[in-house]
Protein chains: 2
Amino acid sequence: MAKKKVSAADAPACEITCLHEDVLKRVGHGLTDPEVLRWVAALFKVMGDPSRLKIVNALILSEMCVCDLAALLKMTPSAVSHQLQILRQSDLVKWRRDGKIIYYSLDDEHVSNIFYQGLVHVNEKHHP
Amino acid sequence: MAKKKVSAADAPACEITCLHEDVLKRVGHGLTDPEVLRWVAALFKVMGDPSRLKIVNALILSEMCVCDLAALLKMTPSAVSHQLQILRQSDLVKWRRDGKIIYYSLDDEHVSNIFYQGLVHVNEKHHP
DNA sequence: TGAACATCTGAACAACTGTTCATATATTAG
DNA sequence: CTAATATATGAACAGTTGTTCAGATGTTCA
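Note that the coordinates shown come from a computational prediction; the quantities given were computed from them, not determined experimentally. Every chain is numbered on its own, with residues counted from 1 as its sequence reads. Ligands are numbered from 1 and chains lettered from A, in the order in which they are written. Since the coordinates come from a predicted model, pLDDT governs what is reported: local features require at least 70, and pairs of side-chain atoms require 80 or more to be given and counted, while whole-chain, interface and lining totals use all residues. Remark: hydrogens and water are excluded; side-chain values derive from all non-hydrogen atoms of the structure.

### Description of the interface of chain B and chain A
At step 1: Note on contacts: a residue pair is in contact if any heavy atoms of the two residues lie within 4.5 Å. Facing the 68 residues of chain B at the interface are 67 residues of chain A.
At step 2: What gets called buried area is simply the loss in accessible area from a 1.4 Å probe that two parts show on being joined, summed for both. Regarding the contact of chain B and chain A, the summed buried area is about 5,800 Å², with carbon and sulfur atoms giving 74% of it.
At step 3: Among the residues chain B hides against chain A, the three largest losses belong to F44, H110 and H121 of chain B. Together they make up 11% of the total.
At step 4: What counts as a salt bridge is simple: a side-chain nitrogen of Lys or Arg found within 4 Å of a carboxyl oxygen of Asp or Glu. For the pair chain B and chain A, the number of links is four salt bridges.
At step 5: The residue D107 of chain A makes a salt bridge to K125 of chain B at a minimum N-O spacing of 2.3 Å.
At step 6: To qualify as a helix, a DSSP run of H or I must reach at least 4 residues; to qualify as a strand, a run of E must reach at least 2; elements of each kind are numbered from the N terminus. Those elements that provide at least two residues to the side of chain B that touches chain A are α1 (21-30), α2 (34-47), α3 (50-61), β1 (64-65), α4 (66-73), β3 (101-106) and α6 (109-125) of chain B.
At step 7: In terms of residue count, α6 of chain B provides more of the side of chain B that touches chain A than any other element does, 14 residues in total.

### Digging into unusual backbone geometry
Residues and elements named next belong to chain B.
At step 1: Positive phi is not limited to glycine here, since K74 has a value of about 60 degrees.
At step 2: Note that K74 resides in the loop between α4 and α5 (77-89).
At step 3: Taking the relative accessible area as the measure of exposure, K74 reaches 48% and is therefore partly exposed.
At step 4: For D91, which is not a glycine, the phi torsion comes out positive at approximately 60 degrees.
At step 5: Summarising the element assignment, D91 is placed in the loop between α5 and β2 (93-98).
At step 6: With relative accessibility at 41%, the residue D91 sits in the partly exposed group. The rule is simple: take the accessible area with a 1.4 Å probe, protein chains only, and divide by the maximum for that residue type; under 20% is buried, over 50% is exposed, in between is partly exposed.

### Quick look at the environment of F115 of chain B
At step 1: Among the secondary structure elements, F115 of chain B is positioned in helix α6.
At step 2: It is 12 Å that separates the C-alpha atoms of F115 of chain B and V46 of chain B, two residues lying 69 residues apart in sequence.
At step 3: With residues near it in sequence (within four places) discarded, F115 of chain B still touches T32, L37, V40 and F44 of chain A together with M47, L53, V56, N57 and I60 of chain B.

### A word on the pattern of salt bridges
All names here are of chain B.
At step 1: Here the structure, examined in full by the defined rule, presents six salt bridges over all chains.
At step 2: The salt bridge involving R96 is made with E63; its shortest N-O contact spans 2.5 Å. Separated by 33 residues along the polypeptide, R96 in strand β2 and E63 in the loop between α3 and β1 bring together distant segments of the chain.
At step 3: Taking relative accessible area as the criterion, R96 reaches 38% and is therefore assigned partly exposed.

### Some points on the protein's contact with DNA strand C
At step 1: Any residue with at least one heavy atom within 4 Å of a molecule or strand is counted as near it. Close contacts around DNA strand C come from 30 residues, with C18, S51, R52 and Q83 of chain A together with Y104 of chain B the closest.
At step 2: Expressed as a percentage, the sugar and phosphate content of the atoms of DNA strand C within 4 Å of the protein is 72%.
At step 3: Definition of a polar contact: a pair of N or O atoms within 3.5 Å, with one able to donate and the other able to accept a hydrogen when the atoms are protein atoms, and with sequence-neighbouring residues admitted only if both atoms are side-chain atoms. In this structure, a phosphate oxygen belonging to DNA strand C sits 3.2 Å away from a side-chain N or O atom of T76 of chain A.
At step 4: Note that a base oxygen of DNA strand C is positioned 3.2 Å from one of the side-chain N or O atoms of H82 of chain A.
At step 5: Going through the elements one at a time, α3 (50-61) and α5 (77-89) of chain A together with α4, α5 and β3 of chain B are the ones with two or more residues in the surface near DNA strand C.
At step 6: The dominant element in the surface near DNA strand C, judged by the number of residues it contributes, is α5 of chain B, at five residues.

### Some thoughts on the sheet that holds strand β3 (residues 101-106) of chain A
All names here are of chain A.
At step 1: Two strands qualify as a pair provided that DSSP identifies no fewer than 2 bridges between them. Spatially, β1-β3-β2 is the arrangement adopted by the three strands of the open sheet, whose pairing is antiparallel. The open sheet has two free edges, formed respectively by β1 (64-65) and β2 (93-98), since each of these has just one partner strand.
At step 2: Two strands pair when backbone bridges link them, and β1 and β3 are joined in this way by two bridges, in the antiparallel orientation. Bridging from a neighbouring strand, C65 pairs with Y103 of β3.

### Re the protein's contact with DNA strand D
At step 1: Neighbouring residues of DNA strand D: 31 residues in total, closest Y104 of chain A together with C18, S51, R52 and Q83 of chain B.
At step 2: Each atom of DNA strand D within 4 Å of the protein belongs either to a base or to sugar and phosphate, the latter forming 73%.
At step 3: Measuring from a phosphate oxygen of DNA strand D, one finds a backbone N or O atom of V66 of chain A at 3.4 Å.
At step 4: Here a phosphate oxygen of DNA strand D sits 2.7 Å away from a polar atom, N or O, in the side chain of R52 of chain B.
At step 5: Counting residues per element, the ones that place at least two in the surface near DNA strand D are α4 (66-73), α5 and β3 of chain A together with α3 and α5 of chain B.
At step 6: Ten residues, namely Ala, Val, Leu, Ile, Met, Phe, Trp, Tyr, Cys and Pro, are considered nonpolar, four, namely Asp, Glu, Lys and Arg, are considered charged, and the remaining ones, Gly among them, are considered polar. Tallied by class, residues from the surface near DNA strand D come to twelve nonpolar, twelve polar and seven charged.

By themselves, these figures tell us nothing about what the structure is for.
Put into structure tokens, the structure is as follows:
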């Protein structure tokens, strides 16, 4: 996202004349609450980065420490740690400490559900 | 995403000594194909922008033209058109022309499935 | 045809993103 | 305590993103 000038709330629609008023009235009431929608977008955004999705993919299969993930995914431990922080802040992963090692795992099964839904979509789109 | 130096393929894992070899072996074979995973990440990325998700949310309820979407979502028609182009390129929406007006709608029910999965996750996370 | 409208497109810009590097913190072993 | 290891964190940088603006297509109708 980028700018956010004053125009957003008033000007943009003022020249539009091809509206379907009936549709707008009906749909307007069915829209998801804007704040909830921002949360959903944030969730997809987090899962929309290849590195993070690789981490999610790995954690679906087993809990793992940062070093395991780094070795498995060919990333630096620092990069993994940064992405895990984002996954942590979004409540997508949880962790437990065992001595020096911190084990990460998925926070709930919704995450893997969403992952598999995306997988099904892609498989059906990109297969004959 | 950003840089992509030479280090990614060789160096990062060379100093790591805390590996759980058994886990890596087992999980390594269960990982989703990297190319498929990139497609899935791209799908989530497209749905991870608030403006685009608002458009998806609206199109779940009814097909609409650019002007309808612009008025409903308080965006300029140009901004809507740019985002629709991205949704089109990702095969998330389809369109039909009727005279001057182009009507957009969701390309298949996977998109709404994914949307609702995200919604369920957020509702259960952010509710008491 | 030419005016009017709906939509698309390209350039430009600020805001944001993911990685790297260097360094800090935390935990254990000796 | 100190050394060693595992992870976290902050700054910096290049690449990317979404919007706006101006203008280009395409379509209809008089």
